[in-house]
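These are the residues of each chain, in order.
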Amino acid sequence: MNFEPDSLRIEPLGPGHDRLVFRCGDERLDRYLREQASQDPRRGTARVFVAVSIDGPQRILGYFTLSAATVVPADEKRLPRHAIPAALVGRLAVEASVARRGLGGLLLADAVKKAAVAAETVAMAVMVVDPIDERAEAFYAAFGFECLNGPRRRMFLALPFSRGGADSFA
Ligand SMILES: CC(C)(COP(=O)(O)OP(=O)(O)OC[C@H]1O[C@@H](n2cnc3c(N)ncnc32)[C@H](O)[C@@H]1OP(=O)(O)O)[C@@H](O)C(=O)NCCC(=O)NCCS
């Protein structure tokens, strides 16, 4: 059964969250949460948001990171040829025991909304992601992300600029 958005909170990672037990199926993303996620916000290199259940607010069900980035499209007809400001979802993961219940989509929609609100004051034209494998690519493609030309497995989505536009995502 899919998650009801009302049963969840998406909030900044804090000391009350249990970062040690999270398992998403990819050790690199688990290790990031254990070892680096609490440092990045202090350094200003990434904001980290976690999804918790209202009934169990310490257990992290999923997380994502957001940072500012620049994209230089290689040979991209759909985008301008100069560097464009972007919001980067550096990492996004869902606890394996609750996968395929819509939480990844809820996290991604929340990331888009946050980026769209930020883009009202600091211009950002697109959201970019770096999927780690084909399954992650299929996940992002399901939400309209398109592959960027170039050596990296990078995908992008045009950001809605108004709050109303952001709310219409998902
Ligand atoms: C990828 C990941 C974030 C997806 O989270 P999720 O909560 O399972 O995703 P959702 O339930 O919201 O899936 C939404 C849609 O994405 C697509 N999708 C999700 N997982 C997929 C997979 N493994 N293979 C193919 N398509 C997938 C499907 O279209 C799915 O809709 P459906 O279930 O109705 O078919 C999660 O599986 C995960 O954390 N994986 C390990 C880490 C990872 O790969 N992170 C990606 C960023 S680098």
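Quick look at the structure, then. Remember, predicted model here, so these are calculated numbers, not experimental data. (Residues numbered from 1 in each chain as written. Predicted model: local features only at pLDDT ≥ 70, side-chain atom pairs only at ≥ 80, totals over all residues. Heavy atoms only, no water.)

1. As for the overall build of the protein chain
Step number 1: Per the secondary structure count, the protein chain includes five helices and seven strands.
Step number 2: Of the regular secondary structure in the protein chain, the N- to C-terminal order runs β-α-α-β-β-β-α-β-α-β-β-α.
Step number 3: Compactness check: the protein chain gives a C-alpha radius of gyration of 16 Å against a globular reference of 15 Å for 170 residues, within 12% of the reference.
Step number 4: Seen through its C-alpha atoms, the protein chain measures out along the principal axes to roughly 45 × 35 × 35 Å.
Step number 5: Looking at the protein chain residue by residue over its 170 residues, the buried ones come to 44%.
Step number 6: Sequence separation of at least 24 residues holds for 63% of the intrachain contacts in the protein chain that already meet a minimum separation of 6.
Step number 7: Approximately 9,200 Å² of the protein chain is accessible, and the part contributed by carbon and sulfur atoms is 53%. (Helix = DSSP H or I, 4+ residues; strand = E, 2+ residues; numbered from the N terminus. Rg over C-alpha atoms; globule rule 2.2 N^0.38 Å. Buried < 20%, exposed > 50% of the residue type's maximum accessible area, 1.4 Å probe, protein only. Contact = heavy atoms within 4.5 Å. Areas by Shrake-Rupley, 256 points an atom, 1.4 Å probe, with all protein chains shown as cover.)

2. A few points about the site of the ligand
Step number 1: Residues in contact with the ligand amount to 21 residues; listed here are only the nearest, Leu92, Val94, Arg100, Gly102 and Gly104.
Step number 2: Between an oxygen atom of the ligand and a main-chain N or O atom of glycine 102, the distance comes to 2.8 Å.
Step number 3: For the ligand, the cavity whose grid points lie within 2 Å of the majority of its atoms is the largest pocket.
Step number 4: Elements that contribute at least two residues to the shell around the ligand include exactly β4 (84–94), α3 (103–118) and α4 (134–142).
Step number 5: It is α4 that contributes the most residues to the shell around the ligand, six residues altogether.
Step number 6: Residues that form the shell around the ligand fall into these classes: 14 nonpolar, three polar and four charged. (Near = heavy atom within 4 Å. Polar contact = N/O pair within 3.5 Å; in protein donor to acceptor, adjacent residues only side chain to side chain. 1 Å grid on protein atoms, 1.4 Å probe; cavity = no way out; pocket = protein on both sides within 12 Å on 5 of 7 lines; lining within 4 Å. Sits in = over half its atoms within 2 Å of the grid points. Nonpolar A, V, L, I, M, F, W, Y, C, P; charged D, E, K, R; others polar.)

Interpretation in functional terms is not warranted from these geometric data alone.
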